[in-house]
Amino acid sequence: MKTLLLKESEIKKAADIIKQGGTVVFRTETVYGIGADATRETAVAKVFGAKNRPPVNPLIIHFDSLKTLFKKFPDVDLGTRHVLNTVKSALTVILPRPEWIPLITTGGLETVAIRVPDCKFAQKFIKKCGLPLAAPSANTSTRPSPTRWEDAHDDLNGRVDAILCGTQTQIGVESTVVKVIPLASPPCSKTFNKTDYTIQILRLGGVNSDELTKLTGIKVLYHPTKESPGTQFKHYSPKCPLLLVDDAGTIGDYSQYNDLIKEFRTKYGRFPKIKIIRKTDLGKNGIEVAKNLFSKIRDLEKDADYIVCERFPDTVEYQTINERLQKASSN
Ligand code: TXA
Ligand code: MG
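Note that the coordinates shown come from a computational prediction; the quantities given were computed from them, not determined experimentally.

What counts and how
- Residues numbered from 1 in each chain as written.
- Chains lettered and ligands numbered in written order.
- Predicted model: local features only at pLDDT ≥ 70, side-chain atom pairs only at ≥ 80, totals over all residues.
- Heavy atoms only, no water.
- Salt bridge = Lys/Arg side-chain N within 4 Å of Asp/Glu carboxyl O.
- Helix = DSSP H or I, 4+ residues; strand = E, 2+ residues; numbered from the N terminus.
- Buried < 20%, exposed > 50% of the residue type's maximum accessible area, 1.4 Å probe, protein only.
- Polar contact = N/O pair within 3.5 Å; in protein donor to acceptor, adjacent residues only side chain to side chain.
- Contact = heavy atoms within 4.5 Å.
- Near = heavy atom within 4 Å.
- Areas by Shrake-Rupley, 256 points an atom, 1.4 Å probe, with all protein chains shown as cover.
- 1 Å grid on protein atoms, 1.4 Å probe; cavity = no way out; pocket = protein on both sides within 12 Å on 5 of 7 lines; lining within 4 Å.
- Sits in = over half its atoms within 2 Å of the grid points.
- Nonpolar A, V, L, I, M, F, W, Y, C, P; charged D, E, K, R; others polar.
- Pairing = 2+ DSSP bridges.
- Right-handed = clockwise from strand over helix to strand, strands pointing away.
- pLDDT = per-residue confidence, 0-100.
- Core = buried A, V, L, I, M, F, W, Y, C linked by side-chain atoms within 4.5 Å.
- Domains from an automatic or database assignment.
- Phe/Tyr/Trp six-rings, centres within 6.5 Å; stacked < 30°, edge-to-face > 60°.
- Axes fitted to C-alpha atoms, helices over the stretch in contact; angles between N-to-C directions.
- Parallel < 35°, antiparallel > 145°, perpendicular 65-115°, else oblique.
- Left-handed = near helix turned anticlockwise from the far one by under 90°.

Engineer: Whenever I open this one, the pattern of salt bridges confuses me. Can you help?
Structural biologist: For side chains of opposite charge, pairing can occur when their charged atoms come near one another. Taken as a whole, this structure holds 16 salt bridges when the rule is applied. The salt bridge partner of glutamate 29 is arginine 115, with a shortest N-O separation of 2.9 Å. Within this pair, whereas glutamate 29 is found in the loop between strand 2 (24-27) and strand 3 (32-37), its partner arginine 115 is found in strand 6 (residues 111-115), the two being separated by 86 residues in sequence. Residue classification places glutamate 29 among the buried positions, given a relative accessible area of 4%. For the salt bridge of arginine 324 with glutamate 323, the shortest nitrogen-to-oxygen distance reads 2.6 Å. Overall, arginine 324 belongs to the buried group, its relative accessible area being 1%. One network of salt bridges, with partners in common, ties together Arg143, Asp155, Arg298 and Glu301.

Right, here's the structure in full:
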């Protein structure tokens, strides 16, 4: 398959490919995604094929606006509705699967993940397609998510119909996947009450638990769960081993690497020659680091045998970043 490289101004050409059942990589506020008609089984099958993704790992369905989403899901409970209305960016919510979404899209689940990207271009593109787009991150399975079109191209050239080549994505890590849970059942009163619900995080992402509470006024729970199938798989792996350490010492001073070398030995059974070829600063706060994380890993893997990364402080600000690094290092 030949992959067309399109400018974002060629949006109509890209939308036509989607309408014909094809696959197009496009930018969202979080990471680049591979879009396809979420309601068409053959189109969704192409996405799984392109990514080499296990069929039990469900896809997120993207809408151009909350208005379209609420039209398609008229029965959204008051709690989820409130969360969607108050958290505008990097959010995915779980709802019961309606019949018009085929099981292949949800990996066989009776629930479905949905989101409205907070990216004007993504909204415009989905609107032009005129249908909900299933869109997983535009990497092949196990690889770091792409935040630049070139990274998606590295993984997917020849595996998707087209790539809309835009700018680097704003947030840099994927959306936070949540479930809004009523505390009483059957769900509460007819009027919305913040204390009637909790938000459970199924996958950490671009909006953290403190921000979720601040925006919604609802209590947030996070304890790693198996409810988001994707979090169980090998993920975010660079082409070379990534070692996550508390303190990498002073770069350039070989003697400070004794512990590191021991760790390498335990982990990989060999004694590497260490020559620091590049030192990369990921940023000075959680927002900057999230934005740079995957692109810097992809830059480094091009000429490194190993990547050594210092763990970030164990705070909410760096929670998603540390989780991604932990996964990237444990392969
Ligand atoms: O930011 C994002 O979410 C990006 C952009 C392109 O929108 N998309 C993305 O999709 O990260 P993907 O496929 O790489 O990750 C989707 C995650 C997986 O962990 C999957 O298991 C989870 O969402 N998920 C999807 N449907 C689910 C469901 N019904 N229940 C629980 N988790 C679900
Ligand atoms: Mg992904």
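Engineer: Sorry if this is basic, but what is going on with the side chain of arginine 97 here?
Structural biologist: With respect to the helices and strands, arginine 97 occurs in the loop between strand 5 (91-96) and strand 6. Looking at arginine 97, the relative accessible area reads 19%, which means it is buried. One polar contact links the side chain of arginine 97 to the main-chain carbonyl oxygen of isoleucine 101, over a distance of 2.7 Å. Here arginine 97 is in contact with Pro102, Leu103, Thr106, Leu109, Glu110, Thr111 and Val112, once residues within four sequence places are set aside.

Engineer: Which parts of the structure should I look at to understand the site of ligand 1?
Structural biologist: Inspection of the region around ligand 1 gives 27 residues, with Thr30, Arg53, His62, Ser175 and Gly230 positioned closest. At a separation of 2.5 Å, an oxygen atom of ligand 1 approaches a polar side-chain atom of serine 175. The protein chains hide 98% of the 690 Å² of surface that ligand 1 would expose on its own. The pocket occupied by ligand 1, as judged from atoms lying within 2 Å of grid points, is the second largest pocket. Elements supplying a minimum of two residues to the shell around ligand 1: strand 3, strand 4 (60-62) and strand 6. Residues of the shell around ligand 1, tallied by class, amount to 13 nonpolar, 9 polar and 5 charged.

Engineer: Sorry, what's going on with the pairing of strand 10 (residues 197-203) here?
Structural biologist: On a regular strand, each side chain points to the face opposite its neighbour's, so the side chains alternate between the two faces of the sheet. Counting buried positions over the 7 residues of strand 10 gives 7, a clear majority of the element. Looking at chain direction, strand 9 (residues 176-182) and strand 10 are connected through 6 bridges and run antiparallel. Directly across from valine 180, in strand 10, lies its bridge partner isoleucine 199. Here strand 10 pairs with strand 11 (residues 219-221) via 3 bridges, running parallel. Bridge pairing links isoleucine 199 to valine 220 in strand 11. Taken together, strand 10, helix 7 (residues 209-216) and strand 11 form a β-α-β motif whose crossover is right-handed.

Engineer: What am I meant to see in the sheet that holds strand 5 here?
Structural biologist: Strand pairs in the sheet, formed through backbone hydrogen bonds, run parallel or antiparallel to each other. The mixed open sheet is built from 11 strands, whose spatial order is 1-8-2-3-7-4-6-5-9-10-11. Since the sheet does not close on itself, it has two edges, and those belong to strand 1 (4-7) and strand 11, each with one partner. Two strands pair when backbone bridges link them, and strand 2 and strand 8 (residues 162-165) are joined in this way by 2 bridges, in the parallel orientation. Each bridged residue has a counterpart across the sheet, and for valine 24 the counterpart in strand 8 is alanine 162.

Engineer: Is there a simple way to explain the confidence of the model for the protein chain in this structure?
Structural biologist: The predicted structure's coordinates, where accompanied by low pLDDT, should not be read in detail. On average, residues of the protein chain score 91 in pLDDT, and 90% of them are at 70 or above. Counting contacts from residues 250-254, a segment whose pLDDT is below 50, to residues more than four positions away or on other chains yields 10 contacts.

Engineer: Where do I start with the nonpolar core in this structure?
Structural biologist: Most often, soluble globular proteins keep nonpolar side chains buried together rather than apart. With 66 residues, the main nonpolar core has Val25, Leu69, Phe73, Ile114, Leu212 and Leu325 as its most contacted residues. The element contributing the most residues to this core is helix 9 (residues 286-301), with 6 residues. Residue-level mapping places this core at the junction of two domains, with at least three residues from each of domain 1 (1-232) and domain 2 (242-328). With residues up to four places along the chain from it excluded, the contact list for valine 25 reads Tyr32, Gly33, Ile34, Ala138, Ala152, Leu156, Val160, Ala162, Ile163 and Leu164. In terms of nonpolar packing, the next biggest core, distinct from the first, is built from 19 residues, Leu6, Phe121, Ile126 and Leu131 among them.

Engineer: Which parts of the structure should I look at to understand the packing of aromatic side chains?
Structural biologist: Aromatic rings considered in pairs are described by the distance between their centres and by the relative angle of their planes. This model, assessed by the stated rule, comprises 7 aromatic pairs. A ring pair is formed by phenylalanine 26 and phenylalanine 125, whose centres lie 5.3 Å apart and whose planes are at 50°; its orientation type is tilted. Taken together, the residues phenylalanine 26 in strand 2 and phenylalanine 125 in helix 5 (residues 120-129) connect sequence positions 99 residues apart. The interplanar angle of 0° and the centroid separation of 6.4 Å between the aromatic rings of phenylalanine 121 and phenylalanine 125 together place this pair among those described as stacked. On the criterion of helical spacing, the pair formed by phenylalanine 121 and phenylalanine 125 is a turn pair, its members being 4 residues apart in helix 5. We classify phenylalanine 121 as buried; its relative accessible area is 9%.

Engineer: Honestly, the packing of helix 1 (residues 11-19) against helix 5 in this entry has me stumped. Any pointers?
Structural biologist: Helix packing geometry: the angle between the two helix axes and the distance between the axes. Contact geometry of helix 1 with helix 5 gives a least axis separation of 8 Å together with a crossing angle of 50°. Taken together, the axis directions place helix 1 and helix 5 in an arrangement best described as oblique. Crossing handedness for the pair helix 1 and helix 5: right-handed. The segment helix 1 lies against helix 5, with Ile11, Lys12, Ala14, Ala15, Ile18 and Lys19 engaging Phe121, Lys124, Phe125, Lys128 and Cys129. Each residue belonging to the contact of helix 1 with helix 5 can be placed in one class, and the counts come to 7 nonpolar, no polar and 4 charged.

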